[in-house]
Amino acid sequence: MAGASVASGATVAVARMRPPLQRSLRTVACAENQSSSTSVMDSGDPSSSSSSSSKLKITVPIDDTSKGESSSFSARGSSVARRFYIRGDKLWDIAGSSLALAFRLGTGLAVQGYKVSLIPEAEIPNNRYSFIQVAGRKLIESSNLGPRPERPIEIYEFEGCPFCRKVREIVSVLDLDVLYYPCPKGGPNFRPKAIQLGGKKQFPYMVDPNTGVSMYESDDIIKYLVDKYGDGKVPLMLSLGFFTTLTAGLAMIGRAGKGSTYKKSRLPEKPLELWAYEVPSPYCKIVREVLVELELPHLYHSTARGSPKRDQLVQRTGIFQAPYLEDPNTGIKMFESAEIIDYLRNTYALA
């Protein structure tokens, strides 16, 4: 269904949603924020947008038959970006996911060579991401990245694995795009495939289609990635051996194994696309857990602080917010972690 319009793609999504929910489509207008100095989105991260009054239109499923809180896609579930918004049923999920920041000391928060500069507002294009304004100047983030791979790195992994987490953190630091093949326990597709490719029941497993290199062992994968696509230096919190693995495991203690076990689902024809980052966003975390549990392959666009992809997302949608999901199988484009989770479960989960 490549090239399908949002409206036609969304119709397909409605047809595939689980009964007895009867869905229709409603197009909601997401107003672009006018002030990048005060706008903070789902991830708790400030947004940036043009100063025009244009609107970003996003088509999302809405339940016409919902009563009160009976539907995850009721009017309260429209995909409109909201500041520091936590839907009531996700409060404890967000709280538990937030523990990672303390245990991992922000590893993966910013990209390699991260720095900030105060630049006169008049010198900054309207579609450039910034997160604070002071006395007519905006704080602009930048980075010093290594060589860029032509094709996304492929990684077989799952959320509830401390070794996998270590690799996801270096992915954020190096600002790499990765095609993740989720391998939850009991998953019928990518876990067996990873074992077939590498010969071991071990995760994470990385394949670099740019070089033909494939390997196990999180520390080896980290070293390979920083040598090939970084400055050759492994960040401190990823170079402490057992302590790194211990804190990576403790970072997941608040999630009690979420993102580890397969839930029956149907495979999409094409990988979904997710703009997110590993730390410190608990909103991104809970979306990733569901993607893994449903065994949904996804192209992950890292958007840690200093990532050029923050600018790209502003140019693409008019605002910056993480997580942001695009599903090429249905044409759906969505902000808001809770609504993304509802969409994924209603579109791909099987009873």
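Residues numbered from 1 in each chain as written. Predicted model: local features only at pLDDT ≥ 70, side-chain atom pairs only at ≥ 80, totals over all residues. Heavy atoms only, no water.

Below, the discussion takes up the pairing of strand β6 (residues 153–157). Of all 5 residues making up β6, 5 are buried, and the element is well covered by its neighbours. Of the two faces of β6, both are covered, the one formed by I153, I155 and E157 as well as the one formed by E154 and Y156. Looking at chain direction, β6 and strand β7 (residues 177–182) are connected through 5 bridges and run parallel. Considered in β7, the bridge of E154 is made with L179. What joins β6 to β7 is helix α4 (residues 162–174), and the crossover it makes is right-handed. The pairing of β6 with strand β8 (residues 205–208) spans 3 bridges and is antiparallel. Considered in β8, the bridge of E154 is made with V207. (Buried < 20%, exposed > 50% of the residue type's maximum accessible area, 1.4 Å probe, protein only. Helix = DSSP H or I, 4+ residues; strand = E, 2+ residues; numbered from the N terminus. Pairing = 2+ DSSP bridges. Right-handed = clockwise from strand over helix to strand, strands pointing away.)

Among the structural elements, K166 can be located in helix α4. Reaching out from K166, the side chain makes a polar contact with the side chain of D219 at a distance of 3.0 Å. Leaving out residues up to four positions away in the same chain, K166 has contacts with S218, D219, I222, L238, T244, T245 and A248. (Polar contact = N/O pair within 3.5 Å; in protein donor to acceptor, adjacent residues only side chain to side chain. Contact = heavy atoms within 4.5 Å.)

Here we take up the sheet that holds strand β3 (residues 115–120). In spatial order, the strands read β3-β5-β4; together these 3 strands make up an open sheet with antiparallel pairing. At either end of the open sheet lies a strand with only one pairing partner, and these are β3 and β4 (133–134). As judged from the 2 bridges shared by β4 and strand β5 (residues 137–142), these two strands associate in the antiparallel manner. Each residue of the ladder has a partner; that of V134, found in β5, is R137.

Under the defined criterion, the tally for this structure stands at 9 aromatic pairs. Seen in terms of ring centroids, Y156 and Y205 are 6.0 Å apart; in terms of plane orientation they differ by 45 degrees. Their pairing is tilted. Here the residue Y156 occupies a position in strand β6, and Y205 occupies one in strand β8, the gap between them amounting to 49 residues. A relative accessible area of 1% places Y156 in the buried class. The interplanar angle of 80 degrees and the centroid separation of 6.1 Å between the aromatic rings of F158 and F203 together place this pair among those described as edge-to-face. On the criterion of sequence distance, the pair formed by F158 in the loop between β6 and α4 and F203 in the loop between α5 (190–198) and β8 is long-range, its members being 45 residues apart. The pair formed by F158 and F203 is uniform in burial state, with each residue classed as buried. One aromatic cluster in this structure is built from Y156, Y181, F190, Y205 and Y216. (Phe/Tyr/Trp six-rings, centres within 6.5 Å; stacked < 30°, edge-to-face > 60°.)

Here the focus is the sheet that holds β8. Taken in spatial order, the 8 strands of this open sheet run β9-β8-β6-β7-β11-β10-β12-β13, and their pairing is mixed. On the outer flanks of this sheet lie β9 (213–215) and β13 (332–334), each paired with one strand and no other. Sheet twist, expressed as the mean angle between neighbouring strand axes with direction ignored, is 15 degrees. By the bridge criterion, 3 bridges tie strand β10 (residues 272–276) to strand β12 (residues 324–327) in an arrangement that is antiparallel. What sits directly across from E273, in β12, is E326. Across the sheet, α4 lies against β6, β7 and β11 (298–302), angled at about 155 degrees from β6, the strand it touches most. (Axes fitted to C-alpha atoms, helices over the stretch in contact; angles between N-to-C directions.)

A few words now on unusual backbone geometry. Here the amide bond leading from F203 into P204 is cis, since omega sits at 5 degrees, within 30 degrees of zero. Note on placement: P204 falls in the loop between α5 and β8. Following A322, the chain continues into P323 via a peptide bond in cis, with omega recorded as 10 degrees. One can find P323 in the loop between α9 (308–317) and β12. The phi torsion at E217 lies on the positive side, around 75 degrees, for a residue other than glycine. With respect to the helices, strands and loops of the structure, E217 is situated in the loop between β9 and α6 (218–229). The backbone of A256 sits at a positive phi, close to 50 degrees, despite the residue not being glycine. Within the fold, A256 resides in the loop between α7 (242–250) and β10.

So, about the pattern of salt bridges. For the coordinates displayed, the defined rule picks out 22 salt bridges. E289 is paired through a salt bridge with R255; the nearest N and O atoms lie 2.7 Å apart. Highlighted residues: E289 in helix α8 (residues 282–293) and R255 in the loop between α7 and β10, separated in sequence by 34 residues. Sharing partners across several salt bridges, the network here consists of R104, E157, E159, R165, R168, E169, E278, K285 and R288. (Salt bridge = Lys/Arg side-chain N within 4 Å of Asp/Glu carboxyl O.)

These values are about where atoms sit, not about what they do.
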